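Chain residues, written in single-letter form:
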Amino acid sequence: MKRTVTHLADGRELIYFDERDDASRDAVDQRELPPPPAAPEMRYDPILDEWVAIAAHRQARTFLPPSEQCPLCPSTRERHSEIPAPEYDVVVFENRFPSFSHRVGPAQDDVLPGLAPARPATGRCEVVCFTSDHNASFASLSPARVRTVLEAWADRTAELSTRDDIEQVFCFENRGEEIGVTLHHPHGQIYAYPFVTPRTRRMLRSAREHRGPGNLFAAVLAAERADGARIVAGNAHWTAFVPAAARWPFEVHLYPNRHVPDIPALGSEERDAFGPLYLEVLRRLDGLFGLAMPYVAAWHQAPVRVGREVAYLHLQVFSTRRAPGKLKYLAGSESAMGVFINDVRPEQAASMLREVSL
C-alpha cells in the first residue's frame, strides 16, 4: 500500500491510501476556499457528567447534493471536489465542517461558573472515502478494498493517538437517509475526541467490575459462541453475533476471536479475515428485506490512555429498520430515560439473518 500526504487549498490535510505503488498523486486543489473554522465550543453537563459539542457552523454543511455535485467524487476538469485526483482507492481528509478541531480559537467563558465549564472542542474530525465510485456501497467493495480501508483506519488511529489533545479515536460509517446521512457517496468518518466518551466509560466500568474469570468482553464472546443461537457468521479469526440484549431490531457485533485493544493491534491474518466476514454480514442485512439497509457501523476501540488492559476491540453494526416500511424511532423511554425497548427478539433477528440467501 502506498501512502501519500498532501493538502487542500485551505490547508486541510488529505491522505491517499493506494493499492498500487505507482499511483501518481501530484494533482493540486484548484479551488479558492476560506480558512477552516476554529474549533467549536464544548460545554460540560454537570447533571449527566458529559461533554456536549456546540458546532453551529455545521448548519452550513453540504446536504444531500445531486450526484453531479458530490464533493466526495474525484475532481474533473469541469468541477473540483474535496479530492483533487481524477481517481482514487481510499482517501482520508480533514472534515471541512468539523465538530472537533486542533485549530483552537479564543478560550470560552464558563456558561454556568463553577458548574458548566466551556472549552474549545479540540480534537480532529476526518472523512474516509472508501471508493471513487459514487454508486457503490461498503457491501459492494472487494475484500482487498476492505483491507485497504482497515489499513487506513489503523493508520489514523495510531497517528491520532499520539496527539496530546486526543483521548479516544472513533471510526464509524453512517449509511442511509433514515440514519441521517447528508452525502450518499460511500464514506465514513473518524472522530478524535478530547475526552473518553460516555458509552466507553460505561463499558470500561463494567469490565473493571467484572467478577468472573478473565475479561468481560471475552467472556461474553465465549458464551455467545457456546450458545450459538445468536451467531450470524464467523471464521477462524472473527465472530459475528446478535447480542443477547440487543437494543436495535437488527444489531450485529463483530469480535476478533483474540483479545486486542484497537485496530492497530490486529495481526495480518486478522486483517485479511475481517473483510470477507463483514461483507457477508452487510449482504445479509441488505438481503433481509430486499432493501438497502440503513445502518451505523461503529468501532469500539480502547481509549488512548486509560482502560486499555480491559477494553476489547469490536465493531457494532445496527439498523433502525425493524420491518419493510417500518423504522424504529427513539421515543420517550429511549430518548428520555435511555431504556431501550426492542421490537425483535435477538434470537429471531439472528435466525432471519442466517436464512438470507447470498
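Remember, predicted model here, so these are calculated numbers, not experimental data.

(A) Just the sheet that holds strand β13 (residues 295-300), in detail. Spatial ordering of the open sheet is given by β1-β2-β5-β7-β9-β8-β13-β14-β12-β11-β10, a layout of eleven strands whose pairing is antiparallel. With partners counted over all chains shown, the strands left at the sheet margins are β1 (2-7) and β10 (231-234), one partner each. In this sheet, neighbouring strand axes are inclined to one another by 20° on average, regardless of whether the strands run parallel or antiparallel. Where β1 meets strand β2 (residues 13-18), six bridges bridge the pair, whose relative direction is antiparallel. Each bridged residue has a counterpart across the sheet, and for Thr4 the counterpart in β2 is Tyr16.

(B) Focus on the nonpolar core. Counting residues in each nonpolar core, the largest one holds 55 residues, and the members touching the most others are Phe138, Trp153, Leu254, Phe274, Tyr278 and Trp299. Of all the elements, helix α4 (residues 268-288) adds the most residues to this core, at nine residues. Setting aside anything within four residues of it in sequence, one finds Leu254 in contact with Trp238, Thr239, Ala240, Phe274, Leu277, Tyr278, Val281, His314, Leu315 and Val317.

(C) Representation of the packing of aromatic side chains. Tallied over the entire structure, the rule returns 24 aromatic pairs. Ring geometry for Phe170 against Phe172: centres 4.6 Å apart, planes inclined by 10°, an arrangement best described as stacked. Across this residue pair, the class does not change: Phe170 and Phe172 are buried. Ring centres of Phe172 and Tyr191 lie 5.4 Å apart, and the angle between their planes is 80°; this geometry places the pair in the edge-to-face category. Residue Phe172 is located in strand β8 (residues 168-175), and its partner Tyr191 is located in strand β9 (residues 187-193); the two are separated by 19 residues in the primary sequence. In this pair, the class of Phe172 matches that of Tyr191, namely buried. The rings of Phe130, Phe138, Trp153, Trp238, Phe274, Tyr278 and Trp299 are connected pair by pair, giving a single aromatic cluster. Sitting over the face of the ring of Tyr16, Arg25 holds its NZ or CZ atom 4.7 Å from the ring centroid. The ring of Phe340 has Arg247 sitting right over it, with the charged end atom 5.9 Å from the ring centre.

Rules used in this analysis
- Residues numbered from 1 in each chain as written.
- Predicted model: local features only at pLDDT ≥ 70, side-chain atom pairs only at ≥ 80, totals over all residues.
- Heavy atoms only, no water.
- Pairing = 2+ DSSP bridges.
- Helix = DSSP H or I, 4+ residues; strand = E, 2+ residues; numbered from the N terminus.
- Axes fitted to C-alpha atoms, helices over the stretch in contact; angles between N-to-C directions.
- Core = buried A, V, L, I, M, F, W, Y, C linked by side-chain atoms within 4.5 Å.
- Buried < 20%, exposed > 50% of the residue type's maximum accessible area, 1.4 Å probe, protein only.
- Contact = heavy atoms within 4.5 Å.
- Phe/Tyr/Trp six-rings, centres within 6.5 Å; stacked < 30°, edge-to-face > 60°.
- Lys NZ or Arg CZ within 6 Å of the ring centre and 35° of its normal.

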